[in-house]
Amino acid sequence: MPSHLFADRPAQPPEPGSVDALISQTRRLRGEVDAVRRDTVVDDDDAQGRWQRALCDLAVHHLDDLREHLGQLKEGLPAAPDIVEVEQPQAAPETGPEAQIRVGSAEWNLLTDEVSWSDELFQIFGRSPESGALPLDELGSTLFSEDQPLLTAWVTACLVDGRPIDGEFRIVRADGRVRTLHMRAEPVLDSDGCTASMWAVLRDVSELRRSQRAVRESRDSLQRQREIAQTERRLAVELQEAVLPPWRGSLRFPYGSAGTLDVAAHYLPSATSALIGGDWYDALELPDGCSMLTVGDLTGHGVTATSGMAMMLGALRGMAMAGIEPGPLMGWLNQLLETSVQPALGSAVCCRYDPARRVLSWAQAGHPAPLLFRHGSGRSLLPPEGVLLGATSGASYGQAEEHLEVGDLLVLHTDGLTPRSIEFSRADGTERLLALAPRFSAARSAQECVRIVIEEFGESEDDACVLVARVGG
């Protein structure tokens, strides 16, 4: 950093036109970044939004510094203290963040003990020019106590060994405000090569460091949230895999002379979210020779939803094994969800199939009704009364019956398979399922029917479950 005192002739400023163009570009870019910053909506829980806003703040501070430095470059280096300056017309002062003084200069003459500070440096230190500039041995009194030895070592190395200073320290102004200053300084040598004075430029980097700290903290917070989300997802996946039926692919219930029930099911993860929901499916052979079929869904995602799903599915299995019919079973599930520590809402459908009579008894709680496919066409079963689980205390749930025939196909699914959206209603999703009737008729197994559903609905916005059961002779 060449000193203005050590130059043989006054430094010549660069061409005004090129610097003016850079200043204009910087001002335009600053406005564009500031517009992005204003448009960034930040919620308290949005770590990524806070990180983006902090990066915009940091970019604005850098551009402010760049424009200020370019302005100084345009004006040229300041004249030596013993040269009378011609007062230049000043532009109207800026308001807002641009009005913050960031750069000042100083010279400490070791031969005459004279100290010269620029007006900007007085403002940075919060001192009035009438109180005078601080000599080097008193400069440390404004610093944080832990920064004072650092400055002492820098000044000693600069004056004795001729080493330049390039470092930061914190000061406490007279008004109690703490500022972080970046100091660049070097010795000015006399004709004999001895140190005659020290010249320095001090830059207030408080806002810059605050912005950098905000970026760092928001980035760390975002990283922590991502790690927590990854951990929760892993736990949710492990819990889901432990709770859902151990069988994969197809399951076959033989009923002797009453035929068989070919069952297949599949969990479809969300195509737009990495979160695991509370969807479940299950098929269970009961002690009395009947079979239980069920699908359901709890609101929410993550460990909370999967742990609630584990509780509901465990209770459902237990009550089904105890012989409780689907309607009363739904009432007990509703009461269980009401009294759980983590309140939630749920929907479910529970079916009990009697192979001897080929009768399906079923109940639902705010859930899409099973679809029955027969002879190449399909229809939705007429649902009995039933509100969402956990929505109403003491709710009663109706129960319906449907006589099945050999070759009939049942499709049970959670509402994530046919979600409501702006483009499609849930009825549209049901129609898409019913339109698969010809393909289901040509399928040779329940597993093949599940693959057909996956091909049609594999890119669902929400996670979903589908269960297919085919009545065999």
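Criteria and thresholds
- Residues numbered from 1 in each chain as written.
- Predicted model: local features only at pLDDT ≥ 70, side-chain atom pairs only at ≥ 80, totals over all residues.
- Heavy atoms only, no water.
- Helix = DSSP H or I, 4+ residues; strand = E, 2+ residues; numbered from the N terminus.
- Buried < 20%, exposed > 50% of the residue type's maximum accessible area, 1.4 Å probe, protein only.
- Contact = heavy atoms within 4.5 Å.
- Areas by Shrake-Rupley, 256 points an atom, 1.4 Å probe, with all protein chains shown as cover.
- Patch = residues over 30% accessible without salt bridge, like charges linked within 9 Å, V, L, I, M, F, W, Y side chains within 5 Å.
- Salt bridge = Lys/Arg side-chain N within 4 Å of Asp/Glu carboxyl O.
- Lys, Arg positive; Asp, Glu negative; His and termini not counted.
- Charge placed at Lys NZ, Arg CZ, Asp CG, Glu CD.
- Expected span 1.5 Å × (residues − 1).
- Pairing = 2+ DSSP bridges.
- Axes fitted to C-alpha atoms, helices over the stretch in contact; angles between N-to-C directions.
- Core = buried A, V, L, I, M, F, W, Y, C linked by side-chain atoms within 4.5 Å.
- Arc of directions from axis to C-beta.
- Polar contact = N/O pair within 3.5 Å; in protein donor to acceptor, adjacent residues only side chain to side chain.
- Left-handed = near helix turned anticlockwise from the far one by under 90°.
- Nonpolar A, V, L, I, M, F, W, Y, C, P; charged D, E, K, R; others polar.
- Parallel < 35°, antiparallel > 145°, perpendicular 65-115°, else oblique.

A.B. asks: Quick question: what am I supposed to make of the overall build of the chain here?
C.D. replies: When its secondary structure is counted, the chain shows 11 helices and 16 strands. Split into buried and exposed, the 473 residues of the chain put 43% on the buried side. For the chain, contacts bridging at least 24 residues in sequence account for 64% of all contacts bridging at least 6. Split by element, the accessible area of the chain, about 24,600 Å² in all, is 53% carbon and sulfur.

A.B. asks: Can you help me understand a negative patch on the surface in this one?
C.D. replies: Where like charges cluster on the molecular surface, the negative patch consists of Asp113, Glu114, Asp137 and Glu138. Positionally, Glu114 belongs in the loop between β1 (103-109) and β2 (115-117).

A.B. asks: Would you explain the environment of Val295 in this entry?
C.D. replies: Secondary-structure assignment places Val295 in strand β9 (residues 291-301). By relative accessible area, Val295 is classed as buried at 0%.

A.B. asks: How should helix α11 (residues 446-457) be read in this particular structure?
C.D. replies: Along an α-helix, residues three or four apart share an orientation, since each turn contains 3.6 residues. Between its terminal C-alpha atoms α11 stretches 16 Å, which fits the 16 Å expected from 12 residues at 1.5 Å a residue. For α11, the complete set of buried residues consists of Ala446, Gln447, Cys449, Val450, Ile452, Val453 and Phe457.

A.B. asks: For this particular structure, what's the right way to read the sheet that holds β9?
C.D. replies: Strand pairing in a sheet relies on backbone hydrogen bonds. The paired strands run either parallel or antiparallel. If you trace the 5 strands from one edge of the open sheet to the other, you get β8-β9-β10-β11-β14, paired in antiparallel fashion. The open sheet is flanked by β8 (277-285) and β14 (400-403), the only strands paired with a single partner. Taking the axes of each pair of neighbouring strands and ignoring which way they run, one obtains an average angle of 15° across the sheet. Sheet contacts for helix α7 (residues 303-321): β8, β9 and β10 (346-354); angle to β8, the most-contacted strand, approximately 20°.

A.B. asks: Explain the sheet that holds strand β4 (residues 178-189) here, please?
C.D. replies: Across the sheet, which stays open at both edges, the 5 strands sit in the order β2-β1-β5-β4-β3 with antiparallel pairing between neighbours. In this open sheet, the two strands that pair with only one neighbour each are β2 and β3 (165-172). Averaged over all pairs of adjacent strands, the angle between strand axes in this sheet comes to 25°, irrespective of strand direction. Contacts from helix α5 (residues 148-161) reach β3, β4 and β5 (195-204) within the one sheet, and its direction differs from that of β3 by about 145°. Lying over the sheet, helix α6 (residues 206-243) contacts β3, β4 and β5, oriented at roughly 125° with respect to β4.

A.B. asks: How do you make sense of the nonpolar core when you look at a structure like this?
C.D. replies: Side chains of nonpolar character tend, in soluble globular proteins, to be buried together. With 55 residues, the main nonpolar core has Leu261, Val263, Trp280, Tyr281, Leu293, Met330 and Leu389 as its most contacted residues. Here this core gets 6 residues from one element, more than from any other, and that element is α7. Setting aside anything within four residues of it in sequence, one finds Met330 in contact with Ala348, Val349, Cys350, Ala363, Gln364, Ala365, Leu389 and Tyr397. Ile124, Leu136, Leu143 and Leu202 belong to the second-largest nonpolar core, a separate cluster that totals 23 residues.

A.B. asks: What should I look at first to understand α5 in this one?
C.D. replies: Between the first and last C-alpha of α5 there are 19 Å, a value that for 14 residues agrees with the 20 Å anticipated at 1.5 Å per step. Looking at α5, one finds that the buried residues are Leu151, Val155, Ala157 and Cys158. All buried residues of α5 project into a common sector of 160° when viewed along the axis, lining one side. In α5, the exposed residues that point more than 90 degrees away from the buried face are Pro149, Thr152 and Val160. As for α5, its buried residues are in contact with α4 (136-139), β3, β4 and β5. Just past α5, the residue Gly162 takes up positive phi, approximately 75°.

A.B. asks: I'm lost on the pairing of β3 in this one. Help?
C.D. replies: Both faces of the sheet carry side chains from a regular strand, because those side chains alternate between them. Side chains Ile165, Gly167, Phe169 and Ile171 of β3 all project onto a buried face; the interleaved residues Asp166, Glu168, Arg170 and Val172 project onto a face where none is buried. Two elements, β3 and β4, share 8 bridges in a ladder whose sense is antiparallel. What sits directly across from Glu168, in β4, is His182. Hairpin connection of β3 to β4: 5 residues between the antiparallel strands, including Gly176 at a positive phi of 90°.

A.B. asks: Would you take a moment to explain the pattern of salt bridges for this structure?
C.D. replies: Evaluation of the coordinates by the stated rule reveals 21 salt bridges. Arg30 is paired through a salt bridge with Asp34; the nearest N and O atoms lie 3.6 Å apart. Residue Arg30 and its partner Asp34 are both found in helix α1 (residues 16-39); the two are separated by 4 residues, about one turn of the helix. Accessibility classification places Arg30 together with Asp34 in one group, the buried group. For the salt bridge of Asp282 with Arg317, the shortest nitrogen-to-oxygen distance reads 2.5 Å. With a gap of 35 residues between them, Asp282 in strand β8 and Arg317 in helix α7 connect regions that are remote in the sequence. Judged by relative accessible area, Arg317 falls into the partly exposed class, the value being 22%.

A.B. asks: Help me understand the side chain of Arg173 in this model?
C.D. replies: Structurally, Arg173 can be placed in the loop between β3 and β4. Separated by 3.2 Å, the side chain of Arg173 and the backbone oxygen of Ile124 make a polar contact. Apart from the residues within four sequence positions on either side, Arg173 is in contact with Gln123, Ile124, Phe125, Gly126 and Arg179.

A.B. asks: Help me out: how do you make sense of the packing of α7 against helix α8 (residues 326-338) in this one?
C.D. replies: Relative orientation and spacing of two packed helices are given, respectively, by the angle between their axes and the distance between those axes. Where α7 contacts α8, the axes come no closer than 10 Å and their chain directions differ by 145°. At the point where α7 passes α8, the crossing takes the right-handed sense. Side by side, α7 and α8 meet where Met311, Met312, Ala315, Leu316, Met319 and Ala320 of the first sit next to Leu329, Trp332, Leu333, Leu336 and Leu337 of the second. For the contact of α7 with α8, the residue count by class is 11 nonpolar, no polar and no charged.

A.B. asks: Looking at this structure, how should I read the packing of α6 against α7?
C.D. replies: Axis separation between α6 and α7 bottoms out at 9 Å; the angle between their running directions is 10°. When the axis of α6 is compared with that of α7, the two are roughly parallel. Of α7, the residues touching α6 (which contributes Glu232, Leu235, Ala236, Leu239, Gln240 and Val243) are Val303, Thr306, Ser307, Met309, Ala310, Leu313 and Arg317. Of the residues belonging to the contact of α6 with α7, the class tally is 8 nonpolar, 3 polar and 2 charged.

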